[in-house]
Each structure stands twice: as C-alpha cells, then as structure tokens.
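So the chains spell out like this:
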Amino acid sequence: MTRTDPYDWQRIIDLCWPAERMLPVGPWTLRITPGAGGRVNSISGDAPDDLSLAEDTARAQDQRPSFIIHQGQDTLDDALNARGYVIEDAVNIWAMDLGPLTQMPLPHATAFTIWPPLQIMRDIWAEGGHVTPSRQAVMARAAQPGGILARVDDRAAGVGFVAAGDDTAMLSAIHVLDRHRRKGVAGNILRAAAHWARDRGCTRIALVAERANLPATATYAGHGMEIVAGYHYRRAPELS
C-alpha cells in the first residue's frame, strides 16, 4: 500500500532531498540550506502553542520562518494564519508502485541514468532557471542519488533527479527543454527513474508537483500515479 502518513512522507523527503543542516529545537525541526528552496529551508512539527520557539530559532539563523504544513495540520495552519503567515507553494505528493512502469523495457536510447551529472545535464537544469547550483548541491547529499538524461532524435531533451529512501524513490528536478515538450520526455524520465529504483530495491516511486501545474498533473495521472498526500508552506510576511 502506498504511504499516506504525512510524517512518513516528510521522512522520505528528507532522505531524498536532504538539507545541509537539520536543527532539532523542542518539538520542531528546522532545515537550513541557504539558497536551495523551500523543502530544505522549512520548519516541521505540530505545536501551535509553541510557535515562538521555532520563529526565534529561525531568525537567529537569519532565516525567514517557513513552516511546512501537511494535510491534517489544520490547527497549526490556523495559528500561523492568525499571525499573518501567507500560504505559498501548495503541492501534491504523487506516488505509485513500480510494477506498471517497469513491466516493459524503455524504448532504445530514450533515457539514461547517470551519476554524477554530465555537463549537458547541468546546462539543462540551468536553462530551466529553477535547479540552481545550490539545489544541485542538495542532490549530491542524497545517500543514493541518480541523474536522468532523456533524449529525442539523439539529442538531449530533458533531465531529472531520483534518489532512494528506504523502499521509496523520489523523483525531482524534472526539466524538459521547451522545443521537446509534448514528445513524451517527462514520461520517459519517470519510467527511467522507476527502472533505476527497482534495481535499488525500491517498490514505489513518488514525486512532488505544484497543484497548479496542470500539464504535469496530466502526465503523472496518465502513467498511473495517484495523489497520496500534500502540503503547503506558511511563510512569515518578512524576516525581522
């Protein structure tokens, strides 16, 4: 059965997209990774009556307080809303068992798993503008990392990153070059990641995608993935 416990998912995310530093403080865990995005610069926990401890610790680290709110944490969400925290980056966690993705071999020369990344992979991530060098450093910290290079007509067309955490592989940092969109590249990256995951003893694959990203939603649903959890961030209006 696919994981649905939000705290279990947070543990898998931390294994597959690890922060530079994890700072436990009372009932909270702070992730600190300057310049590398929300997942590795967030606060997790569920103590609505003890928010000041997390806020003060984050500010002492020159970090804007940012809480990750999983489904079911409504009381915490309401408490942060009352303090003026704003919602940002609402996402779904998609997952599925590997079987349907690995029953057939990948079409020849459509996707390769490579680690460390080739320069062309880094160039494609840079062209996308989202996977910065700081985010690429996150990838290198994963215990079991893998890069994926997809090709169309013998040319590089897209990239992705996959990492294994226990029995689950998480796919991240998917970027398809504009000129190769609508050619099945994202699906080939997903399937290549599934084959990679199977070879490392995983039984399921998962990824995080913005709820508003309708093309990605169609791709993942079309390959049999299901939404199993979700989260958003509550971020302080400003660092003070």
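Right above here is the structure, for reference.
Because the structure is predicted, anything quoted here is derived from the model rather than measured.

This brings us to unusual backbone geometry. The linkage connecting W115 with the following residue, P116, adopts the cis geometry, with an omega of 0 degrees. Inspection of the secondary structure assignment puts P116 in the loop between strand 6 (111-114) and helix 5 (119-128). Look at D154: it is not a glycine, yet its phi comes out positive at around 65 degrees. Mapping D154 onto the fold places it in the loop between strand 7 (145-152) and strand 8 (155-165). Under the relative-accessibility criterion, D154 is labelled exposed at 60%. Positioned with a positive phi, R182 is a non-glycine residue whose angle comes to about 65 degrees. Within the secondary structure layout, R182 lies in the loop between strand 9 (168-176) and helix 7 (185-199).

Quick look at the nonpolar core now. Core analysis: the largest hydrophobic core is formed by 32 residues, its most contacted members being W9, I93, W125, M139, F161 and Y231. For this core, the elements supplying multiple residues, two or more each, are helix 1 (6-16), strand 5 (86-97), helix 5, helix 6 (133-141), strand 8, strand 9 and strand 11 (226-235). The contact partners of I93, leaving out residues within four places of it in the chain, are W9, I13, L207, V208, E226, I227, V228, A229, G230 and Y231. A169, L171, A194 and A209 belong to the second-largest nonpolar core, a separate cluster that totals 29 residues.

Further remarks concern the pattern of salt bridges. Any two side chains of opposite charge can pair, on the condition that their charged atoms come close. For the structure on display, the rule yields 11 salt bridges. A salt bridge links R234 to D77, with the shortest nitrogen-to-oxygen separation between them at 2.7 Å. Of this pair, R234 sits in strand 11 while D77 sits in helix 3 (residues 74-82); the two residues are 157 residues apart in sequence, bridging distant segments of the chain. Salt bridges sharing partners connect three or more residues here, namely R64, E88, D89 and R235.

Our next topic: the pairing of strand 5. In the sheet, strand 5 pairs with strand 11 via eight bridges, with the strands oriented antiparallel. What sits directly across from I93, in strand 11, is A229. Of the strand pairs in this sheet, strand 5 and strand 10 (residues 204-210) are connected by seven bridges, and their pairing is antiparallel. Bridging from a neighbouring strand, W94 pairs with L207 of strand 10.

Attention now goes to the side chain of T102. Structurally, the position occupied by T102 is in helix 4 (residues 99-102). Apart from the residues within four sequence positions on either side, T102 is in contact with A194, H195 and R198.

For the rest of this paragraph, the subject is helix 6. Buried within helix 6 are the following residues: R135, Q136, V138 and M139. Projected down its long axis, helix 6 shows its buried positions confined to an angular sector of 145 degrees, all on one face. Across helix 6 from its buried face, at more than 90 degrees, point the exposed residues P133 and A140. Structurally, helix 6 contributes buried residues whose contacts are with helix 5, strand 7, strand 8 and strand 9.

Bringing the packing of aromatic side chains into the picture now. Enumeration over the complete set of coordinates arrives at six aromatic pairs. Relative to F67, the ring of W28 lies with its centre 5.3 Å away and its plane at 75 degrees, an arrangement referred to as edge-to-face. Within this pair, whereas W28 is found in strand 2 (residues 28-32), its partner F67 is found in strand 4 (residues 66-70), the two being separated by 39 residues in sequence. Just as W28 is buried, F67 falls in that class too. Through a chain of ring-to-ring contacts, the aromatic side chains of W17, W115 and F161 assemble into a single cluster. Just above the ring of W17 sits the side chain of R39; from NZ or CZ to the centre is 4.9 Å. Directly above the aromatic system of Y233 lies the positively charged group of R235, at a separation of 4.6 Å from the ring centroid.

Thresholds applied
Note on numbering: residues in each chain are counted from 1, in written sequence order. Local features in a predicted model are, by the rule used here, given only for residues with pLDDT of at least 70; side-chain atom pairs are given and counted only at 80 or more, and totals for whole chains, interfaces and linings are based on all residues. The basis for the side-chain values is all heavy atoms of the structure; hydrogens and waters are excluded. Comment: elements are numbered from the N terminus, with helices defined as DSSP H or I runs of at least four residues and strands as E runs of at least two. Whether a residue is buried, partly exposed or exposed follows from its accessible area with a 1.4 Å probe, protein chains only, as a fraction of its type maximum: under 20%, in between, or over 50%, in that order. Throughout this description, the term nonpolar core refers to a set of buried Ala, Val, Leu, Ile, Met, Phe, Trp, Tyr and Cys residues connected via side-chain atoms within 4.5 Å. Pairs of residues are marked as contacts when any of their non-hydrogen atoms sit within 4.5 Å. Here a salt bridge means any side-chain nitrogen of Lys or Arg lying within 4 Å of a carboxyl oxygen belonging to Asp or Glu. Whether two strands pair comes down to DSSP finding at least two bridges between them. When we speak of the arc, we mean the arc of directions from the helix axis to the C-beta atoms. Put simply, two rings from Phe, Tyr or Trp (the six-membered ring, in Trp's case) pair if the centres are within 6.5 Å, and we call them stacked under 30 degrees between planes, edge-to-face over 60, tilted for the rest. We call a charge positioned above a ring when the Lys NZ or Arg CZ atom is no farther than 6 Å from the ring centre and deviates by at most 35 degrees from the ring normal.

Bear in mind that shape data such as this cannot, by itself, settle questions of function.
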